[in-house]
Amino acid sequence: MSMYYEFHNPVNLISGYGIIPNSIGATLKALNSKRVLLISDRENNSDGTVDIVRKSIIAGGVNVGGVYLNVPRDSSVLVISKIANLCMINSCDSIVAVGAGSVLDTAKCVRLIISQNTNHITDLKGFDMCNRGVDMPLVLVPATCGTGSEVSNVAVVLDETGTNKLDFVTEELLPNATIIDGSMLVFQSSMEILSAAFDALTHAIESVTGRQRNPISTKYACMAIMMIRDNLEYCLCDNPKEEHLHKLMEASTIAGVAQSSSMLGVVHAICYSLGVVLEIWHRECTAEVLPHVLKYDFECCKDLYAEMFFYLVPESVYVSTPKEDRAKVFCEYIQSWYKRLHALVGGSNTIVNLGLSEQNVDAVAKTASRDGLNIINPRYIDLHGIKEILLSIMRGDI
Ligand SMILES: [Fe+2]
């Protein structure tokens, strides 16, 4: 019997460099929206992106009925209830969100609880527990090249204690439309672009290696890897071309489509946990954690690594690498590429100097071991295995 899988992604993608001023209001109008709630965070409010989005909404003849610009780095069940309440008090009939993953995940959850007629996202815990809810248009605008949330059926939220991440997975989290605009990246530093792009690369790689992979999500993931390969370095230089910025943004969304179907794995279980315990963005950790997990999974994934090798490296490297060495060189190339680009942008942060230490390694390992993504990882892992990976990161073993 052939492998069973499902692939479904109905999000309307509206893509083009510099289209935001003329596209959001028009998109809302086509969705019959009259009064929108705008959601974002302090970073996007202070760098001007919120203002551009607000003007685009108004230019389309749609009213801004409410604004919430204080989404935290890790959204929580309480914040989601608070914003949903704000949405209803202001009689908003639709939602627009601009930002990174936590902003987009928050907006998806706000729409979900309103459409499912509940006050708490925790009422909807469980895998795909939702029926078709009340229609409420949701338009998402990613502001980084690393989230993928704008096309995924997943949202990650902190529980009431602020120590555990809850994963919600349902088709009802998918937005009606996503606006992909590479001009959003001009507000990002080179280091932010590098971290986000390696997060997107990790989404693609974990989509290919995970137990829930399928032929279609693998094609999307490989396309994303190739687009990151061809555009990332150009985006880190002074005055990058519009074409490269936009392709990198598209690559992140394409990796998001793959991830929505295939889910992620241990790299993200560990990085989400590092984000919670160290109070940092998970995307700041993926590039450093990835090589360690690739090594852990090597024996069961080497054929898949060799398959991705073609999409990751320049043609000259592919041609000159013997077939039997491709999986190994794939792993080495990822690490050396990141190191070179990290030096290029003058990056100095590592997970250790962001705070991982002997004092908190057990807490990080414990939180990571409870993440449901470990089930998707191609090789079984437990608390001990996760701690070993964290210790090898601290020792700088790779
Ligand atoms: Fe990520």
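Being a predicted model, the structure only gives us computed values, none of them experimental. (Residues numbered from 1 in each chain as written. Predicted model: local features only at pLDDT ≥ 70, side-chain atom pairs only at ≥ 80, totals over all residues.)

Novice: Hey, could you run me through the overall build of the protein in this one?
Specialist: When you go through the protein residue by residue, the secondary structure sums to 16 helices and eight strands. A globule of 398 residues ought to have a C-alpha radius of gyration of about 21 Å, and the protein, at 20 Å, matches this closely. Structurally, the protein occupies a C-alpha span of about 60 × 50 × 45 Å along its principal axes. Counting only residues that meet the buried cut, the protein has 52% of its 398 residues in that class. Long-range pairs, those at least 24 residues apart, make up 80% of the contacts in the protein with a sequence separation of at least 6. (Helix = DSSP H or I, 4+ residues; strand = E, 2+ residues; numbered from the N terminus. Rg over C-alpha atoms; globule rule 2.2 N^0.38 Å. Buried ≥ 20, exposed ≤ 12 C-beta atoms within 10 Å, placed from the backbone. Contact = placed C-beta atoms within 7 Å.)

Novice: Would you explain the nonpolar core in this entry?
Specialist: Nonpolar side chains tend toward joint burial in soluble globular proteins. In terms of nonpolar packing, the biggest core is built from 126 residues, with Ile95, Ala197 and Ala224 touching the most fellow members. For this core, the element with the highest residue contribution is helix 6 (residues 190–209), accounting for 10 residues. Those residues within four positions of Ala224 in sequence are excluded, and the remaining contacts are Ala200, Ala204, Ala251, Ile254, Ala255 and Ala258. (Core = buried A, V, L, I, M, F, W, Y, C linked by C-beta atoms within 7 Å.)

Novice: In this structure, what is going on with the sheet that holds strand 5 (residues 138–142)? I would like to understand it.
Specialist: Pairing between sheet strands relies on hydrogen bonds along the backbone, with the strands arranged either parallel or antiparallel. Strands sit in the order 1-8-5-4-2-3 across an open sheet of six strands; the sheet is parallel. Strand pairing shows two members of the sheet lacking a second neighbour, strand 1 (12–15) and strand 3 (63–68), which therefore form its edges. Averaged over all pairs of adjacent strands, the angle between their axes in this sheet comes to 20°, without regard to strand direction. Here strand 2 (residues 35–39) runs beside strand 4 (residues 94–99); their pairing, made up of four bridges, is parallel. Across the sheet, the residue bridging to Leu37 is Ile95, located in strand 4. Relative to the sheet, helix 4 (residues 77–89) contacts strand 2, strand 3 and strand 4, its axis offset from that of strand 3 by approximately 155°. (Pairing = 2+ DSSP bridges. Axes fitted to C-alpha atoms, helices over the stretch in contact; angles between N-to-C directions.)

Novice: Any chance you could explain helix 8 (residues 242–262) here in plain terms?
Specialist: An α-helical turn contains 3.6 residues, so a residue and the one three or four places further along point in the same direction. With 21 residues, helix 8 ought to run about 30 Å at 1.5 Å a step, and its terminal C-alpha atoms sit 30 Å apart, in line with that. Summarising burial for helix 8: 18 of the 21 residues are buried, a large majority. Just past helix 8, the residue Met263 takes up positive phi, approximately 70°. (Expected span 1.5 Å × (residues − 1).)

Novice: Got a minute to help me understand the domain arrangement of the protein in this structure?
Specialist: It is common to give the size of an interface as the accessible area lost on bringing the parts into contact. The assigned domain composition of the protein is domain 1 (12–183) and domain 2 (191–395). Between domain 1 and domain 2, the C-alpha centre-to-centre distance is 26 Å. Taken together, the 27 residues of domain 1 in the interface contact 30 residues of domain 2. Mapped by element, the contributors of at least two residues to the side of domain 1 that touches domain 2 are strand 1, strand 6 (154–158), strand 7 (165–169) and strand 8 (177–180). Examining the composition of the side of domain 1 that touches domain 2, we find that three residues originate from one element, strand 6, more than from any other. (Domains from an automatic or database assignment.)

Novice: Explain the pairing of strand 5 here, please?
Specialist: Residues in a regular strand project their side chains so that they alternate between the two faces of the sheet. In terms of burial, strand 5 is largely enclosed, as five of its five residues are buried. Going residue by residue along strand 5, you find Leu138, Leu140 and Pro142 tucked away on one face and Val139 and Val141 tucked away on the opposite face as well. As judged from the five bridges shared by strand 4 and strand 5, these two strands associate in the parallel manner. Residue pairing for strand 5: Ile95 is matched across the bridge by Leu138. Note: strand 5 against strand 8, two bridges, orientation parallel. Each bridged residue has a counterpart across the sheet, and for Val139 the counterpart in strand 8 is Ala177.

Novice: Got a minute to help me understand the packing of helix 6 against helix 11 (residues 298–312) in this structure?
Specialist: Any two packed helices are characterised by the angle at which their axes cross and by the distance between the axes. Helix 11 packs onto helix 6 with a crossing angle of 135° between their chain directions and a minimal axis gap of 10 Å. The orientation of helix 6 with respect to helix 11, classified from their angle, is oblique. Relative to helix 11, the crossing made by helix 6 is right-handed. Listed contacts from helix 11 to Ile205, Val208 and Thr209 of helix 6 are Cys301, Leu304 and Met308. (Parallel < 35°, antiparallel > 145°, perpendicular 65-115°, else oblique. Left-handed = near helix turned anticlockwise from the far one by under 90°.)

Novice: Got a minute to help me understand the environment of Pro175 in this structure?
Specialist: Here Pro175 lies in the loop between strand 7 and strand 8. Looking at Pro175, the number of C-beta atoms within 10 Å reads 25, which means it is buried. When the C-alpha atoms of Pro175 and Thr27 are compared, they prove to be 12 Å apart, with 148 residues separating the residues in sequence.

Novice: Please clarify how unusual backbone geometry should be interpreted in this entry.
Specialist: Leaving glycine out, the prevailing phi sign among residues is negative, and the prevailing peptide bond configuration is trans. A positive phi is found at Asn117, a non-glycine position, where the angle reads about 60°. Within the fold, Asn117 resides in the loop between helix 5 (101–115) and strand 5. Located in the positive-phi region is Asn239, a residue other than glycine, with phi close to 50°. Mapped onto the elements, Asn239 comes out in the loop between helix 7 (215–235) and helix 8. Its 5 C-beta neighbours within 10 Å are what place Asn239 among the exposed residues.

Novice: Got a minute to help me understand the environment of Cys109 in this structure?
Specialist: Mapped onto the elements of the fold, Cys109 is located in helix 5. A sequence separation of 15 residues divides Cys109 from Leu124, and the C-alpha atoms of the two residues are 10.0 Å apart. Not counting residues within four places of it along the chain, the set of residues in contact with Cys109 comprises Ile80, Ile121, Ala155, Val157 and Phe168.

Novice: Just to check I follow, could you spell out the packing of helix 9 (residues 266–278) against helix 10 (residues 286–296) for this structure?
Specialist: Running from N to C, helix 9 and helix 10 cross one another at 140°; their axes reach a closest spacing of 9 Å. Accordingly, the angle class assigned to the pair helix 9 and helix 10 is oblique. For helix 9 against helix 10, the interelement crossing comes out right-handed. In this structure, helix 9 uses Val266, Val267, Ile270 and Cys271 to contact helix 10, whose residues at the interface are Thr286, Val289, Leu290 and Val293. For the contact of helix 9 with helix 10, the residue count by class is seven nonpolar, one polar and no charged. (Nonpolar A, V, L, I, M, F, W, Y, C, P; charged D, E, K, R; others polar.)

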